[in-house]
Amino acid sequence: MIPYQRAAFYTLGCKLNFAETSTLARALQEQGYARVSFDERADIYVINTCSVTENADKECKQVVKKALKQNPLALVVVTGCYAQLKPQEVANIAGVDLVLGANEKFDIALQVAQLQHKKAHAQVQVQAIKEARHFHASYSMGDRTRTFLKVQDGCDYFCAFCTIPLARGRSRSASIADTIQKAEIAIAEGSKEIVLTGVNLGDFGSGTDENFLQLIQALDVLAGDVRFRISSIEPNLLTDAVIEFVAGSQKFVPHFHVPLQSGSEKVLKDMRRRYAKDHYQTRIAKIKQLLPDACIGVDVIVGFPTETEADFLETHAFLSDLPISYLHVFTYSERDNTTAVRLGQTVDMAERKKRNHSLQMLSEKKKRLFYESMRQKRFTVLWEGEQDAETMQGFTENYLQVQAPFDADKINTFAQIDLKFLDKENRFIVEPCQELL
Ligand code: SF4
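Worth saying up front: this structure is predicted, and the values here are computed from it rather than measured.

Conventions we followed
Residues numbered from 1 in each chain as written. Predicted model: local features only at pLDDT ≥ 70, side-chain atom pairs only at ≥ 80, totals over all residues. Heavy atoms only, no water. Helix = DSSP H or I, 4+ residues; strand = E, 2+ residues; numbered from the N terminus. Buried < 20%, exposed > 50% of the residue type's maximum accessible area, 1.4 Å probe, protein only. Contact = heavy atoms within 4.5 Å. Areas by Shrake-Rupley, 256 points an atom, 1.4 Å probe, with all protein chains shown as cover. Lys, Arg positive; Asp, Glu negative; His and termini not counted. Charge placed at Lys NZ, Arg CZ, Asp CG, Glu CD. Pairing = 2+ DSSP bridges. Disulfide = S-S within 2.5 Å. Near = heavy atom within 4 Å. Nonpolar A, V, L, I, M, F, W, Y, C, P; charged D, E, K, R; others polar. Expected span 1.5 Å × (residues − 1). Axes fitted to C-alpha atoms, helices over the stretch in contact; angles between N-to-C directions. Parallel < 35°, antiparallel > 145°, perpendicular 65-115°, else oblique. Left-handed = near helix turned anticlockwise from the far one by under 90°. Phe/Tyr/Trp six-rings, centres within 6.5 Å; stacked < 30°, edge-to-face > 60°. Lys NZ or Arg CZ within 6 Å of the ring centre and 35° of its normal. Domains from an automatic or database assignment. Buried area = accessible area lost by both parts, 1.4 Å probe.

Undergrad: Can you break down the overall build of the protein chain residue by residue, with the values?
TA: Scanning the protein chain for helices and strands turns up 13 helices and 21 strands. Across its three principal axes, the protein chain shows a C-alpha extent of roughly 65 × 60 × 45 Å. Classification of the 437 residues of the protein chain by burial places 55% in the buried group. Of the contacts made within the protein chain by residues no fewer than 6 positions apart, 72% connect residues no fewer than 24 positions apart. For the protein chain, the computed accessible surface area is about 19,300 Å², with 49% contributed by carbon and sulfur atoms. Taken as two groups, the 53 positive and 56 negative side-chain charges of the protein chain have centres that lie 3 Å from each other.

Undergrad: Could you give an account of the pairing of strand 3 (residues 44-49), naming the residues involved and the relevant values?
TA: Counting buried positions along strand 3 gives six out of six residues, so the element sits mostly inside the fold. Where burial is concerned, the two faces of strand 3 agree: the one with I44, V46 and N48 and the one with Y45, I47 and T49 are both buried. Note that strand 1 (residues 6-11) and strand 3 share five bridges and pair parallel. Bridge assignment links A7 to a residue of strand 3, and that residue is I44. Looking at chain direction, strand 3 and strand 4 (residues 75-80) are connected through six bridges and run parallel. Along strand 4, the bridge assignment pairs I44 with L75.

Undergrad: Break down the state of the cysteines for me, with residues and values.
TA: Under the counting rule described, the total for this entry stands at zero disulfides. There is no disulfide at C50, and the cysteine sulfur nearest it, in C81, is 6.2 Å away.

Undergrad: Can you break down the site of the ligand residue by residue, with the values?
TA: Taken together, C155, Y157, F158, C159, F161, C162, P165, V199, E234 and R273 make up all the residues around the ligand. Looking at the shell around the ligand, its residues break down into eight nonpolar, no polar and two charged.

Undergrad: Could you give me a rundown of helix 11 (residues 277-290), with the residues and numbers involved?
TA: For helix 11, spanning 14 residues, the distance from its first C-alpha to its last is 20 Å, which sits close to the expected 20 Å at 1.5 Å a residue. Residues of helix 11 that are buried sit in contact with helix 9 (240-248), strand 13 (255-257), helix 10 (265-270), strand 14 (295-302), helix 12 (309-321) and helix 13 (349-373).

Undergrad: Which residues make up the pairing of strand 8 (residues 146-150), and what are the values?
TA: Burial analysis of strand 8 places five of its five residues in the buried class, which makes it a mostly covered element. Of the two faces of strand 8, the one lined by R146, F148 and K150 and the one lined by T147 and L149 are each fully buried. As paired elements, strand 7 (residues 138-139) and strand 8 share two bridges and run antiparallel to each other. Of the residues in strand 8, the one forming a bridge with Y139 is L149. Both strand 8 and strand 11 (residues 193-197) contribute to a ladder of five bridges, which runs parallel. Note on strand 11: the bridge partner recorded for L149 is L196.

Undergrad: Give me the lowdown on the packing of helix 9 against helix 11, citing residues and values where you can.
TA: Two elements in contact, helix 9 and helix 11, have axes separated by 10 Å at closest approach and are oriented at 20°. By the angle class used here, helix 9 and helix 11 are roughly parallel. Note that helix 9 runs across helix 11; the crossing there is right-handed. For the pair helix 9 and helix 11, the contacting residues are D240, I243, E244 and A247 in the first and R283, K286, I287 and L290 in the second. A breakdown of the residues in the contact of helix 9 with helix 11 according to their chemical character gives four nonpolar, no polar and four charged.

Undergrad: Requested: an account of the packing of aromatic side chains, with residues and values cited.
TA: The geometry of an aromatic ring pair comes down to the distance between the two centres and the angle between the two planes. If you walk through the whole model with that rule in mind, you get 11 aromatic pairs. Between F18 and F148 the ring centres are 5.5 Å apart and the planes differ by 85°, which places this aromatic pair in the edge-to-face class. Within this pair, whereas F18 is found in helix 1 (residues 15-30), its partner F148 is found in strand 8, the two being separated by 130 residues in sequence. Judged by its relative accessible area of 17%, F18 is buried. A centroid spacing of 4.6 Å and a plane angle of 15° characterise the contact between F395 and Y399, whose relative ring orientation is stacked. Take Y399: its relative accessible area is 23%, and that puts it in the partly exposed class. Every member of this aromatic cluster is reached through a ring pair, and the members are Y10, F38 and Y45. Directly above the aromatic system of Y157 lies the positively charged group of R274, at a separation of 3.7 Å from the ring centroid.

Undergrad: Now, about the sheet that holds strand 14: what can you tell me, with residues and values included?
TA: Across the sheet, three strands lie side by side as 13-14-15; this open sheet has parallel pairing. Looking along the sheet, the strands with just one partner apiece sit at the ends: strand 13 and strand 15 (326-331). Sheet twist, expressed as the average angle between the axes of neighbouring strands with direction ignored, equals 15°. By the bridge criterion, three bridges tie strand 13 to strand 14 in an arrangement that is parallel. Residue H255 lies in a different strand from strand 14, and its bridge partner there is C295. Of the strands in this sheet, strand 14 and strand 15 touch helix 13, which is tilted by about 170° from strand 15.

Undergrad: Run through the domain arrangement of the protein chain, naming residues and quoting values.
TA: When the domains of the protein chain are assigned, the result is domain 1 (6-127), domain 2 (133-253), domain 3 (262-373) and domain 4 (378-429). With centres defined by C-alpha atoms, the gap from domain 2 to domain 4 works out at 26 Å. Around 920 Å² of area is buried between domain 2 and domain 4 when both sides are counted, 47% of it from carbon and sulfur atoms. Summed over the three residues of domain 2 that lose the most area to domain 4, namely T145, R146 and R227, the buried surface amounts to 57% of that side.

What follows is the structure in structure tokens.
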């Protein structure tokens, strides 16, 4: 008999975590558990954490509290990068029953079954001792219109600020054959957009005789009314061949997310990034040359320990000149066991916040310009779901947000739209009278 009947899930962090939470949910559902929303009373609450967020501990505590408010007797399972990096710290959070590391989380059904009734175990169980070594395929389905398909995990780069290689281990990948099989399942189940995800996606196949270009070539010939999005790719791995392939593909959309992190040559070196500014610039130029309407997103970190005011201004100027569409701005925060904390320098927190604000403003400007430049053009939107009671929203292939009157029959279908009306929030509005082509 199953001791617990209803399971709820909470994801902090990235798309990879999102895909993995779906896999954990399916593992429990296969054992007969019903998946319910985190706002409902459940017997098991699973929290998939992140270590990138500045306040991983605080966030985790809040979510545990939220779970116990719904059901004080529930079994609380915490997993994800924070659990892998600091299992004991997580175990010390009041109310946590089980801590699962990067490998162990994929045995969640077994681990939970072993715990039996909450009353039967007095101590927190910590299963997070092994280094993450195996590749566990994951994909999200049913949670969103888009499917996040994990094809790669871990990273060998060890950038100075990053704890991800410590939490997720060495770079490893699915095989192309396995990925094709998972993509075919997602397509058969009705997925219209598949987002390829990984920690260092472009490193797909490293250590094998397969590579990222071969992967996207293989996916491109799959049958079905589906499109593919590349989630994020390191500039040194975004080759001309990959850009050229996407430019010629009917299925891979013109949207690239390319982390820069700093526009100062000196800071890039201190960060141990694997490219120079020039190289980054050539990547963006190549994309825009072949795909003028492409959307380009950029990650950037402000307040890295060695970033002076002049370095920051160099980054700002570099980004200002690039034809990019939006920024994801991160404020640097100290992480245990990283090279950056040993550099012996720091940027004042108020200054970090100021720099963050400055780049947020630049991002807004870039985004607006990008949206305005797309006015009067025709794109294909995938309607994803309700925005509110009366409207639905979706994204075009080049990641423009579009809104239209709600129509349940249109959800998860494609429509060609002539973009005309742009609102202040950077959404193209489809008027009720505007015919969807
Ligand atoms: S490439 Fe750098 S920033 Fe990205 S996961 Fe690897 S170490 Fe972290």
